[in-house]
Structures are given as structure tokens and as C-alpha cells.
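# Descriptive analysis of the structure
Here is how the chains run, residue by residue.
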Amino acid sequence: WSGRPAAAEIKAVVTAAAEAGDDVVADMFARLPPGAAALCDSAKAVPTEPMLRRQLVDELGWWTTAAFVPPGSGLLGEVVGRVMGKFYVSGAASYKSAGMD
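Residues numbered from 1 in each chain as written. Predicted model: local features only at pLDDT ≥ 70, side-chain atom pairs only at ≥ 80, totals over all residues. Heavy atoms only, no water.

## Side note on the packing of aromatic side chains
- All chains considered together, the criterion is met by one aromatic pair.
- Taking 4.7 Å as the distance between ring centres and 85 degrees as the angle between the ring planes, the aromatic pair formed by W62 and W63 counts as edge-to-face.
- Owing to a relative accessible area of 55%, W62 belongs among the exposed residues under this scheme. (Phe/Tyr/Trp six-rings, centres within 6.5 Å; stacked < 30°, edge-to-face > 60°. Buried < 20%, exposed > 50% of the residue type's maximum accessible area, 1.4 Å probe, protein only.)

Here it is in C-alpha cells:
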């Protein structure tokens, strides 16, 4: 896994936009949720595209099960969701078979 903080890149984009007189970038950063810019400034790495793909493939089973669980159905609904999720075929399987995981 790789990745790195994006603070330097964000600062460069904001500076270049300010020098060009582009208010759109400054407005966009002003509208970010609280803590979003701080996340990019943190020492934690910003995920790369392969990292995000891997995370999606890893979590797809959970999301598929959750999609098949009827609302308010309790334990029986959870079982139905898991069973139905096993029968669901997604495009993410092709990532695993192609070695992209």
C-alpha cells in the first residue's frame, strides 16, 4: 500500500488558482465539509486509486448483503440478505480474477 499526504499539491493548486484570479477553486475549498482539508494535511496517506479499488472489492460483500436485507426484518432478514448476496454476481469479481486486487 502506498500513498502520501496531499497538502503540498493542494497548496500548489490553491496558489496557482489565486495567481490566475480563479475564484472557483477557493470557493470549492471553502465549501468542503469541516475537517476535509485537515485530512489532506494530516500525516496519514491519501488513498491512491489502486488502494480505493482494493477497499471497494474488500467491502463489496458487506454492501451486497446490506442491499438485500429488507428494512426492519431482524435476524431473518440478515440471513436472507446473506443468502441472496451469495447469488449476486458483480463486476468486482473480474478485478480479483484479473489480479487487480
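Continuing now.
## Regarding helix α4 (residues 49–68)
- Helix length check: α4, at 20 residues, gives a terminal C-alpha distance of 28 Å against a target of 28 Å (1.5 Å per residue), a fit within 8%.
- Looking only at α4, the buried set comprises M51, V57, T64 and T65. (Helix = DSSP H or I, 4+ residues; strand = E, 2+ residues; numbered from the N terminus. Expected span 1.5 Å × (residues − 1).)

## Describing the environment of A66
- Mapped onto the elements, A66 comes out in helix α4.
- A relative accessible area of 36% means that A66 is categorised as partly exposed.
- It is 8.0 Å that separates the C-alpha atoms of A66 and E78, two residues lying twelve residues apart in sequence.

## Considerations on the side chain of T65
- With respect to the helices and strands, the residue T65 is situated in helix α4.
- Judged by its relative accessible area of 14%, T65 falls in the buried class.
- The residues contacting T65, other than those within four sequence positions of it, are E78, G81 and R82. (Contact = heavy atoms within 4.5 Å.)

## Focus: a nonpolar patch on the surface
- Taken together, F68, L75, L76, V79, V80, V83, M84, F87 and Y88 make up a surface patch of nonpolar side chains, about 910 Å² in accessible area.
- Examining the composition of the nonpolar patch, we find that seven residues originate from one element, helix α5 (residues 74–87), more than from any other.
- Secondary-structure assignment places L76 in helix α5. (Patch = residues over 30% accessible without salt bridge, like charges linked within 9 Å, V, L, I, M, F, W, Y side chains within 5 Å. Areas by Shrake-Rupley, 256 points an atom, 1.4 Å probe, with all protein chains shown as cover. Salt bridge = Lys/Arg side-chain N within 4 Å of Asp/Glu carboxyl O.)

## Concerning the packing of α4 against α5
- Where α4 meets α5, the closest approach of the two axes is 7 Å, and the angle between their N-to-C directions is 125 degrees. For the element pair α4 / α5, the angle class is oblique. Between α4 and α5 lies a crossing whose hand is right-handed. For the pair formed by α4 and α5, the contact residues are T64, T65 and F68 on the first element and E78, G81, R82, M84 and G85 on the second. (Axes fitted to C-alpha atoms, helices over the stretch in contact; angles between N-to-C directions. Parallel < 35°, antiparallel > 145°, perpendicular 65-115°, else oblique. Left-handed = near helix turned anticlockwise from the far one by under 90°.)

## Looking at the pattern of salt bridges
- Within the structure shown, the criterion is met by four salt bridges.
- Taking the shortest distance from any N to any O, the salt bridge between R82 and E78 comes out at 3.4 Å. With a gap of four residues between them, R82 and E78 both fall in helix α5, about one helical turn apart.

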